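Fold and geometry: a report
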Amino acid sequence: MNPLLEKFNTKYTSSPFEEIKEEHYLPAFQELIKVSEKEIDEITNNPEAPTFENTIESMAFSGEQLDRVSNIFFNINSAETNDEIQKIAQEVSPLLTEFSSKISQNEKLFERIKSVYDQKDTLSLNEEQQMLLNETYKGFVRSGALLNEEDKKKLEKISMDLSIKSLQFGQNALASTNAYFKHITNKDELKGIPEAILQQYEEDAKEKGLKGYVITLQYPSYLPAMTYAENRELRKELALANGKKSFDGGEFDNQNLIKEIVKLRQEKAELLGYKNYADFVLEERMAKSPEKVFEFLNELLDKATPYAQKEIEELKSLAKADGIEEIQSYDHTFYAEKLRKQKFDIDDEELKPYFQLEKVQEAVFGLAGKLFGLEFKEINDVQKYHDDVKTYEVLEVRSRKSEVSDELQSSDFQHQTSVYKALLYVDYHPRKGKRAGAWMTSYKNQYKKDGENSRPHISVVCNFTKPTKDTPSLLTFQEVTTLFHEFGHALHGVLADTQYPNLSGTSVKWDFVELPSQFLENFCYEPEFLKTFAKHYQTGEILPNEKIEKLSQSKSFMEGYQTLRQLGFGLLDMAYHSEVGALENKSVKEFEVEKTAATNLYPSNPETAASPSFSHIFQGGYSAGYYSYKWAEVLDADAFQYFKENGIFNPEIAAKYKILLSSGGTKDPMELYKNFRGSEPKVESLLKRAFGE
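About the criteria used
- Residues numbered from 1 in each chain as written.
- Predicted model: local features only at pLDDT ≥ 70, side-chain atom pairs only at ≥ 80, totals over all residues.
- Heavy atoms only, no water.
- Core = buried A, V, L, I, M, F, W, Y, C linked by side-chain atoms within 4.5 Å.
- Buried < 20%, exposed > 50% of the residue type's maximum accessible area, 1.4 Å probe, protein only.
- Helix = DSSP H or I, 4+ residues; strand = E, 2+ residues; numbered from the N terminus.
- Contact = heavy atoms within 4.5 Å.
- Patch = residues over 30% accessible without salt bridge, like charges linked within 9 Å, V, L, I, M, F, W, Y side chains within 5 Å.
- Areas by Shrake-Rupley, 256 points an atom, 1.4 Å probe, with all protein chains shown as cover.
- Salt bridge = Lys/Arg side-chain N within 4 Å of Asp/Glu carboxyl O.
- Lys, Arg positive; Asp, Glu negative; His and termini not counted.
- Charge placed at Lys NZ, Arg CZ, Asp CG, Glu CD.
- Axes fitted to C-alpha atoms, helices over the stretch in contact; angles between N-to-C directions.
- Parallel < 35°, antiparallel > 145°, perpendicular 65-115°, else oblique.
- Phe/Tyr/Trp six-rings, centres within 6.5 Å; stacked < 30°, edge-to-face > 60°.
- Lys NZ or Arg CZ within 6 Å of the ring centre and 35° of its normal.
- pLDDT = per-residue confidence, 0-100.
- Pairing = 2+ DSSP bridges.

1. Overview of the nonpolar core
Among the nonpolar cores identified, the biggest contains 139 residues, and Phe355, Leu424, Phe484, Phe487, Phe523 and Tyr576 are the most heavily contacted of them. Here this core takes 11 residues from helix α13 (residues 290-321), the largest share from any one element. Leucine 424 has contacts with Phe365, Phe376, Lys390, Thr391, Tyr392, Val394, Ile458, Val460 and Phe487, leaving out every residue within four places of it along the chain.

2. So, a negative patch on the surface
Together, Glu23, Asp83, Glu84 and Glu91 give the surface a local cluster of negative charge. Here the element with the most residues in the negative patch is helix α4 (residues 83-104); it accounts for 3 residues. Tracing the sequence through the fold places glutamate 91 in helix α4. On the accessibility criterion, glutamate 91 (38% relative accessible area) is partly exposed.

3. Remarks on the packing of helix α21 (residues 559-578) against helix α24 (residues 628-646)
The contact between α21 and α24 brings their axes to 9 Å, and the two run at 135°. Taken as axis vectors, α21 and α24 run oblique relative to one another. On α24, the residues that touch Glu559, Thr563, Gln566 and Leu567 of α21 are Tyr629, Lys630 and Glu633.

4. Topic: the packing of aromatic side chains
Enumeration according to the criterion identifies 57 aromatic pairs in this entry. Ring centres 6.4 Å apart and planes at 70° place the aromatic pair phenylalanine 52 and tyrosine 500 in the edge-to-face group. Of this pair, phenylalanine 52 sits in helix α2 (residues 52-60) while tyrosine 500 sits in the loop between α17 (477-494) and α18 (515-521), and the two are 448 residues apart along the sequence. The same class applies to phenylalanine 52 and to tyrosine 500, which are both buried. Between phenylalanine 519 and phenylalanine 640 the ring centres are 5.8 Å apart and the planes differ by 70°, which places this aromatic pair in the edge-to-face class. Here the residue phenylalanine 519 occupies a position in helix α18, and phenylalanine 640 occupies one in helix α24, the gap between them amounting to 121 residues. Accessibility assignment for this pair places phenylalanine 519 and phenylalanine 640 in one class, buried. Over the ring of phenylalanine 649 we find lysine 370; its NZ or CZ atom is 4.3 Å from the centre of that ring. The side chain of arginine 435 reaches across the aromatic face of tryptophan 439, ending 3.9 Å from its centre.

5. Things to note about the confidence of the model for the chain
Across the chain, the average pLDDT comes to 93, with 98% of residues at 70 or higher. Here residues 402-413 scores under 50 on pLDDT; set against residues more than four positions off or in separate chains, the count is 10 contacts.

6. Description of the packing of helix α9 (residues 219-228) against helix α14 (residues 329-344)
Remark: α9 packs on α14, axes separated minimally by 6 Å, with the N-to-C direction vectors making an angle of 70°. It follows that α9 is roughly perpendicular to α14 by the angle criterion. For the pair formed by α9 and α14, the contact residues are Leu223, Met226, Thr227 and Tyr228 on the first element and Tyr330, Thr333, Phe334 and Glu337 on the second.

7. Some details on the pairing of strand β9 (residues 457-461)
Here β9 lies mainly inside the structure; 5 of its 5 residues are buried. On β9, burial covers both faces: His457, Ser459 and Val461 on one face and Ile458 and Val460 on the other are all buried. Alignment of strand β6 (residues 439-444) against β9, held across 5 bridges, turns out to be antiparallel. Paired with serine 442 across the two strands is isoleucine 458, which belongs to β9.

This is how it looks when you write it as structure tokens:
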């Protein structure tokens, strides 16, 4: 029996992780593609005239089991992969691409869709139905439905090649990350690194059967070494290894793949009638055009550069006092931490005991309760894909008047009921089979069908330091904000309340999707809120007021540098996808240096490059869209300013924000934002937060 081909008949219809074996995946995909093709055939060959219900709506609900299995497989490929799963991914991706192409190039099906679309002004559709119709029609056109047969075949081949090459890019980046480790036996070489981190390095060494200490390129291992190691040569070696990921000409090198992916994307755009791939992508974003994005990025670059330069000058002074005449990029984190401690008397290692992972999670759960009436109940009757994973039932607490006699009834006599909202998986610690970084994802979308509101299954995945035999998992403050960030995405999924699965939760315009995540980070800097959870894991002592104030003040620390770094990635991404043929006579390194020159504050090392491990744009969904992080910062700064002006827990504003989150992609994002805020977002809100302007 193949568990992926059964209906998931558990209490939550949750994924049967513990029953799934690698050999189940490929047969499940093959069978479910056939089932889904049959569903599409029934829609296509329906003898009745095309209507919204029998064509557009039927399509929205088709392929449900295939979607579930795809979500399971590709999420496992990110969070708990192995050689066999990666091999299966190489087989499965072309099958799914071919299936998708068959649908998008099905002329008879498109005729039905177009027939409904052409009569849309005469149909009595609500706002969400109109959005579904428009998105379905545009999706087909953007997938080549209007192309001739020859061009359709070309597009199908391009899409398949892109699918395989993007997957290979990610696998190379992960393999390159895992291939390196630094083994140290002399503790003196690790001077400056806190004892708790050294314990982790010792445990990592033991896992490899080694004595002494092991530092890897996994973020919780790499970052502390770059932050605290007084050994400059060690910092240099680690930074060099990190910068050479998939850029060393070896087995996992991604430079040729980058050129191939960029070329294929350009060919796809031209085939569909666009000048470049960025034009193709941005047609469906809030920004609308590459020109608008470049204007936005360059405006911020002009504002941020003087602040960034001033910040680097401060670091140079500190480095000079240590005898360093020319500061390098591998010195940045070390001296930034020194400066932060000097300015704000804040030391990450000193703060970490106040940020026990479990307490931080309680805080973010509590915040969701205060703002949106949610509560989280840990459950153990749901299958998991790894022992590290924890599962929670998410409930919405609603108050209503009690049905009692008139004598006892009063306007404030109410009782509470709890309504099931979502299943939440959390997976916090690094493993060999887990890719770097942090992300939120979905195993099942929310939708309404046959009178039932089918609730979502949401996952938050991070890479926080594991607990040791002596200490629980303690977070840096940056990791605290990371957890809040991903949980902001999770709330977008948890609160989803739409009719159709493909408009639900985070299924929004890509430059809108980071608003909920970045918005939630703001609460981490609010003294009123910090005091509720920043407590020492041993003594229970609340983080002292002066430290809380310093943390709040430090929010804009190195903001100029961080802004330029993000702008550099955004400009590089846009250059890759808007400058036709620009890579043909240049190496990836030459191109990267040229396009990020205005944002680079340190000399470039010829042995390192960011692009070959830039998974966001060459594997993930951020191609021609990396700018959206900064774009969303304008949104989140403006949104939080609204709360700040009226109270950060203001229930009326929280209720309006909840509507924005629950609406998913059912409305234009600018309309959603204006309904919440009363006006369009102002870039001044970001500048005020970042630079006090």
